[in-house]
Amino acid sequence: MTGAAKQDVVRFTLDGQEIEAAPDETIWQAAARHGTRIPHLCYAPEPGYRSDGNCRACMVEIEGERVLAASCIRTPREGMVVKSASARAQKARAMVFELLVADQPKRETSHDPESKFWNWASDIGVTESRFPQRETWAPDTSHIAMAVNLDACINCNLCVRACREVQVNDVIGMAYRGHGAKVIFDFDDPMGQSTCVACGECVQACPTGALMEANLLDEKGTRVAFPDRTVDTLCPYCGVGCQTTVHVKNDKILYIDGRDGPANQNRLCVKGRFGWDYIYSPQRLTKPMIRREDAPKRWDDQVDPMNPWTHFREATWEEALDKAAAGLKKVYEEMGPSGMAGFGSAKGSNEEAYLFQKLIRTAFHTNNVDHCTRLCHASSVAALMEGIGSGAVTAPFTAAKDSDCMIIIGARPGQNHPVAATFLKNAAKRGAKIIVMDPRTGAILGMASTPCFDPYQFFNQDPSLFLNPAVSKQFEPGSVMKLVTMAAAIDSGVVAPNSTYYDPGFIELGGQLMYNWDRSAPGTTDMTTLLARSLNVGAATLASWMGPDVFYEYLLKFGFGQPTKVDLMAEAIGQLPLPGDTLWTETNLGTNAFGQGLAVTPLQMI
């Protein structure tokens, strides 16, 4: 550490040696950086994982303190003396591991005998336990790619943090209490029936084998497949550039883990982690083939991928390359450079793209070279050129961590680039604003429809499933409308965020008394309390202060009582009585302000 960083370091003693720690480093991180190994289970040093300190496997002794401290969450102080290998710390860790080993399947038949848990237990010297085993849950094999065996779960919460805080999918959580606490998916659904997107982050994070790749286990749930080597490489799918570690046995892929690269920071999506089995498809071409002379091309002809030999014959690489070169040479001789063109692939690397265009320009003497990305990227290039003077991006998507507001227009990162989307979701979780817009209309999008009909069983479906409830069903919005009323009152200048009003517990409008939902009379009340306590009288008061003209002008600006003008099939427009309508009275001014006496669709409400 040098310069300004040197001034901020914390100096403390670890196992008799004075070391330095950065101001935000924990004892565990500083120890690891200096080569001291401290056991850990609930803590993951990989990017994106916060310390939790619940497993107590990383306890250390601090001189002058009565109790041991969890090194993964404790930060050192200047002059602190820490003992990571004292008899007291080692005994505490051994007891933690013995308690945990009691509930584990035997290592020989465990779901992952090479897990972080068993390796640490072996290092500490605890492989048996004096304590009785708890009752365990049945295995969950409902997911095609991952197996859930909670008999090995130690409730370390790593999978919860992986799902909620790293990937931000919010599928995994903890449920029940005390001895019955367990990891669940959604509302304690089987994993395969939950909303899990199969990113596999939880599998990579799990320290015990409670969550595992299903293909590594036998029918009893015991791991039987182990790699004999690993290969560091890149995911071959989209252009995010996720770095991966491929675990191989007998030259066949067993499983893939994310690697800490600048684009993915260990994260992967379902394709990058589990979408590799296509390479073993019987339909994959593994040898060069040349079309048979007796099978010329026809527009209406189809080739069976399981039996291509009706149209092709096997060839050597030399013969196939000579055939391709001869075809290109023939076109060049007959039509010249203008008859040649090259079309690059998005699957190639930057270096391969460079070599390809070099081949077209120098060997074929033509600039007729193109790339598929130009088609989908042309509109954004034009917009970037006009907006900032450059057609290239100015920041990586990981810069979302520094952003307060992001606009996504014409893109679906959650579906097309899930790993990039995780950084956007991380930003949203810390409070950044994300606006998703339709590039054609500028309309803000937000719609979900489930359950939905099966298009392959169209004639056997419940007719009600043909309607999208997000745009076709109307409902009385209730208290959520108070947010709209408050926004209108503040935007119109009738009130400010720190304004107050007097709430006697009722208000009379149109000859009708309206009360707070809990019949309370809070007296002098500010705007924050109005929303926090969901006060009907407060919302009606704001509407009365605005008056009918201003209040309903804002409701129409929010899109209530009218179509979205995006041409949505079977769209309902809702019901919004307006001043001058036969059924409207001054009472509606109050009830509409807290979401009663009108109807909206879910799309209008969001």
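Just above, that's the structure.
If you're wondering where the values come from, they're calculated on a predicted model, not measured in any experiment.

A. A look at the side chain of D257. By secondary structure assignment, the location of D257 is in strand β12 (residues 252-258). Note on D257: relative accessible area 15%, which makes it buried. At a separation of 3.1 Å, a polar atom in the side chain of D257 contacts the side chain of H247.

B. Structural view of the packing of helix α14 (residues 481-491) against helix α17 (residues 548-557). Where α14 meets α17, the closest approach of the two axes is 10 Å, and the angle between their N-to-C directions is 115°. Judged by the twist between their axes, the crossing of α14 over α17 is right-handed. Between α14 and α17, the contacting residues are M481, V484, T485, A488 and D491 on the first element and F551, Y554 and L555 on the second. In terms of residue class, the contact of α14 with α17 is made up of six nonpolar, one polar and one charged.

C. Structural detail: the layout of surface pockets. Quantified by volume, the largest pocket comes out at close to 2200 Å³. Every residue lining the largest pocket is counted, 48 residues in all, and those nearest its centre are G239, H377, V393, F397 and H417. Taken together, the elements giving at least two residues each to the lining of the largest pocket come down to α9 (350-363), α10 (372-388), β17 (405-409), α11 (413-416) and α12 (418-429). With nine residues, α10 is the single largest residue contributor to the lining of the largest pocket.

D. Local environment of the sheet that holds strand β1 (residues 10-14). The sheet built from five strands is open, its strands ordered β2-β1-β5-β3-β4 with mixed pairing. In the strand order of this sheet, the two ends are held by β2 (17-21) and β4 (69-70), each with one partner. Where strand β3 (residues 59-62) and strand β5 (residues 81-83) come together, two bridges link them in antiparallel fashion. If you follow I62 over to β5, its bridge partner there is V82.

E. Expanded view of the sheet that holds strand β10 (residues 229-234). Pairing is antiparallel across the open sheet formed by three strands, whose spatial order is β10-β11-β12. The sheet terminates laterally at β10 and β12, the two strands that pair on one side only. Mean inter-strand twist for the sheet, computed between neighbouring axes without regard to direction, equals 30°.

F. Geometry of the environment of F397. Looking at the element boundaries, F397 is found in the loop between α10 and β17. The exposure class of F397 is partly exposed, given its relative accessible area of 27%. If we ignore the near neighbours within four places in the chain, the residues touching F397 are V240, A263, A420 and F423.

G. Representation of the packing of α17 against helix α18 (residues 586-593) within the structure. In the contact formed by α17 and α18, the axes pass within 11 Å of each other and the chain directions differ by 45°. By the angle class used here, α17 and α18 are oblique. Crossing hand, α17 versus α18: left-handed. Between α17 and α18, the residues in contact are P548, F551 and Y552 and N588, L589, N592 and A593, respectively. Along the lines of polarity and charge, the residues of the contact of α17 with α18 split into five nonpolar, two polar and no charged.

H. Structural detail: the packing of aromatic side chains. Applying the stated criterion across every chain, the model contains nine aromatic pairs. When the ring of W276 is compared with that of Y280, the centres are 6.4 Å apart and the planes differ by 85°; the resulting orientation is edge-to-face. Residue W276 is classed as buried on the basis of its relative accessible area of 15%. Here F397 and F423 contribute two aromatic rings whose centre-to-centre distance is 5.7 Å and whose plane-to-plane angle is 45°, an arrangement assigned as tilted. Linking F397 in the loop between α10 and β17 with F423 in helix α12, this pair joins segments that are 26 residues apart in sequence. Counting every residue linked through ring pairs, the aromatic cluster contains F97, F117 and W118. In this structure, R267 is placed above the aromatic ring of F423, and the distance from its NZ or CZ to the ring centre is 4.2 Å.

I. Representation of the pattern of salt bridges. Overall, the coordinates contain 23 salt bridges when judged by the stated rule. Among the salt bridges present, the one from R223 reaches D112, with a minimum N-O distance of 2.9 Å. Of the two residues, R223 sits in the loop between β9 (211-213) and β10 while D112 sits in the loop between α3 (87-102) and α4 (116-124), which places them 111 residues apart along the sequence. Across the pair, D112 and R223 agree in class, each one buried. A salt bridge links K557 to E553; its shortest N-O distance comes to 3.4 Å. Here K557 and its partner E553 are both found in helix α17, four residues apart, which amounts to about one turn of the helix. For E553, a relative accessible area of 40% corresponds to the partly exposed category.

J. Structural detail: the pairing of strand β21 (residues 512-515). Inspection of the sheet shows strand β20 (residues 506-509) paired to β21 by four bridges, in the antiparallel sense. Paired with F506 across the bridge in β21 is Y515. Counted between consecutive antiparallel strands, the loop separating β20 from β21 contains two residues, among which G510 sits at a positive phi close to 65°.

K. The arrangement of α18 in detail. By the criterion of burial, α18 is predominantly enclosed, with seven of the eight residues buried. The set of residues buried in α18 consists of T587, N588, L589, G590, T591, N592 and A593. Where α18 is buried, its residues meet α14, β20, β21, α16 (536-546) and α17. Once α18 finishes, G595 follows within two positions and takes phi at roughly 85°, a positive value.

Conventions adopted
Residues numbered from 1 in each chain as written. Predicted model: local features only at pLDDT ≥ 70, side-chain atom pairs only at ≥ 80, totals over all residues. Heavy atoms only, no water. Helix = DSSP H or I, 4+ residues; strand = E, 2+ residues; numbered from the N terminus. Buried < 20%, exposed > 50% of the residue type's maximum accessible area, 1.4 Å probe, protein only. Polar contact = N/O pair within 3.5 Å; in protein donor to acceptor, adjacent residues only side chain to side chain. Axes fitted to C-alpha atoms, helices over the stretch in contact; angles between N-to-C directions. Left-handed = near helix turned anticlockwise from the far one by under 90°. Contact = heavy atoms within 4.5 Å. Nonpolar A, V, L, I, M, F, W, Y, C, P; charged D, E, K, R; others polar. 1 Å grid on protein atoms, 1.4 Å probe; cavity = no way out; pocket = protein on both sides within 12 Å on 5 of 7 lines; lining within 4 Å. Points joined across faces, edges and corners; volume = space filled by probe spheres on them. Pairing = 2+ DSSP bridges. Parallel < 35°, antiparallel > 145°, perpendicular 65-115°, else oblique. Phe/Tyr/Trp six-rings, centres within 6.5 Å; stacked < 30°, edge-to-face > 60°. Lys NZ or Arg CZ within 6 Å of the ring centre and 35° of its normal. Salt bridge = Lys/Arg side-chain N within 4 Å of Asp/Glu carboxyl O.

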